[in-house]
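This is what each chain is made of:
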Amino acid sequence: MHILTLPGLYNSGPEHWQTRWEQQHPQVQRVMQDNWDQPELTQWLTTLSQRVSLCQQDVIFVAHSLGCILLLHWLRAGCPGLGASLQIRGVLLVAPPDAERSGFPAQDFAPVPQIPLHLPGKVVISRDDPWCDAEKAFDWAEKWQLPVWDVGNCGHINSDSGLGNWDAGWQIVQEWLDFRLSDAKTPISVPNSDVTKV
């Protein structure tokens, strides 16, 4: 199983939970973009498709911030690069930003795709995320037909949120890893552990 992390604008730093997961789990690998500070949708999509084309096993995507919007555009485009025999076993969308907001630094990522995904997945939403109004994120999740994990006030769910290894988040990924392929669309339960537990 391949687990690909998709960081957002400016990449994920050394204390980010995505980075920690990559360090702790050898099957977790980052999709590296060439222009983290000035993202261009077309280039980011090309890079993602090229990385996916190297996968020889089913894939789980773990996206944060702008990486969520990138993944949505890739899914809407028909998953270019994904082998015909492979399946997407899960999509974790953490803190999707409002790319449609005036002054957003990556405006060509707008509009945000609002399509049913028909995939096992979860949207993780923070009530005080400075990059997106929570109600808009809830509305998007409904349109994507994905369940929501409301973590309360947790900022942008990044290294500044004090999550450490964010074991509660990894629990979702671990459940997908444990599923039989035939059970891939079984709903994922909300982790019992607190979001800030490390």
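Here is a short report on the structure shown in this document. (Residues numbered from 1 in each chain as written. Predicted model: local features only at pLDDT ≥ 70, side-chain atom pairs only at ≥ 80, totals over all residues. Heavy atoms only, no water.)

1. Overview of the pairing of strand β1 (residues 2-6)
Then step 1. Burial analysis of β1 places five of its five residues in the buried class, which makes it a mostly covered element.
Then step 2. Residue alternation in β1 divides its side chains into two sets, His 2, Leu 4 and Leu 6 and Ile 3 and Thr 5, and both sets are buried.
Then step 3. Note: β1 against strand β3 (residues 59-64), five bridges, orientation parallel. If you follow Thr 5 over to β3, its bridge partner there is Val 62.
Then step 4. Pairing of β1 with strand β2 (residues 28-30) involves three bridges; the strand directions are parallel. Across the sheet, residue Ile 3 finds its bridge partner in β2, namely Val 28. (Buried < 20%, exposed > 50% of the residue type's maximum accessible area, 1.4 Å probe, protein only. Helix = DSSP H or I, 4+ residues; strand = E, 2+ residues; numbered from the N terminus. Pairing = 2+ DSSP bridges.)

2. Things to note about the side chain of Ser 49
Then step 1. As for its position among the elements, Ser 49 is in helix α2 (residues 41-52).
Then step 2. Of the polar contacts made by the side chain of Ser 49, one reaches the backbone oxygen of Pro 80; its length is 3.3 Å.
Then step 3. If sequence neighbours within four positions are ignored, Ser 49 has contacts with Trp 74, Pro 80 and Gly 81. (Polar contact = N/O pair within 3.5 Å; in protein donor to acceptor, adjacent residues only side chain to side chain. Contact = heavy atoms within 4.5 Å.)

3. Things to note about the pattern of salt bridges
Then step 1. Scanning all chains against the criterion turns up eight salt bridges.
Then step 2. The salt bridge involving Arg 89 is made with Asp 58; its shortest N-O contact spans 4.0 Å. Residue Arg 89 is found in strand β4 (residues 88-94), and its partner Asp 58 is found in the loop between α2 and β3; the two are separated by 31 residues along the sequence.
Then step 3. The buried category is assigned to Asp 58, whose relative accessible area is 14%. (Salt bridge = Lys/Arg side-chain N within 4 Å of Asp/Glu carboxyl O.)

4. Here's the deal with the packing of aromatic side chains
Given two aromatic rings, one states the distance between the centres and the angle between the planes to describe the pair.
Then step 1. Enumeration according to the criterion identifies 10 aromatic pairs in this entry.
Then step 2. Aromatic side chains Trp 44 and Phe 109 sit 5.7 Å apart centroid to centroid with 85° between the ring planes, which places their arrangement in the edge-to-face category. Separated by 65 residues along the polypeptide, Trp 44 in helix α2 and Phe 109 in the loop between β4 and β5 (121-125) bring together distant segments of the chain.
Then step 3. By relative accessible area, which is 0% here, Trp 44 ends up buried.
Then step 4. Put simply, the rings of Trp 17, Trp 21, Trp 149, Trp 166 and Trp 170 touch in pairs and so form one group of aromatic residues. (Phe/Tyr/Trp six-rings, centres within 6.5 Å; stacked < 30°, edge-to-face > 60°.)

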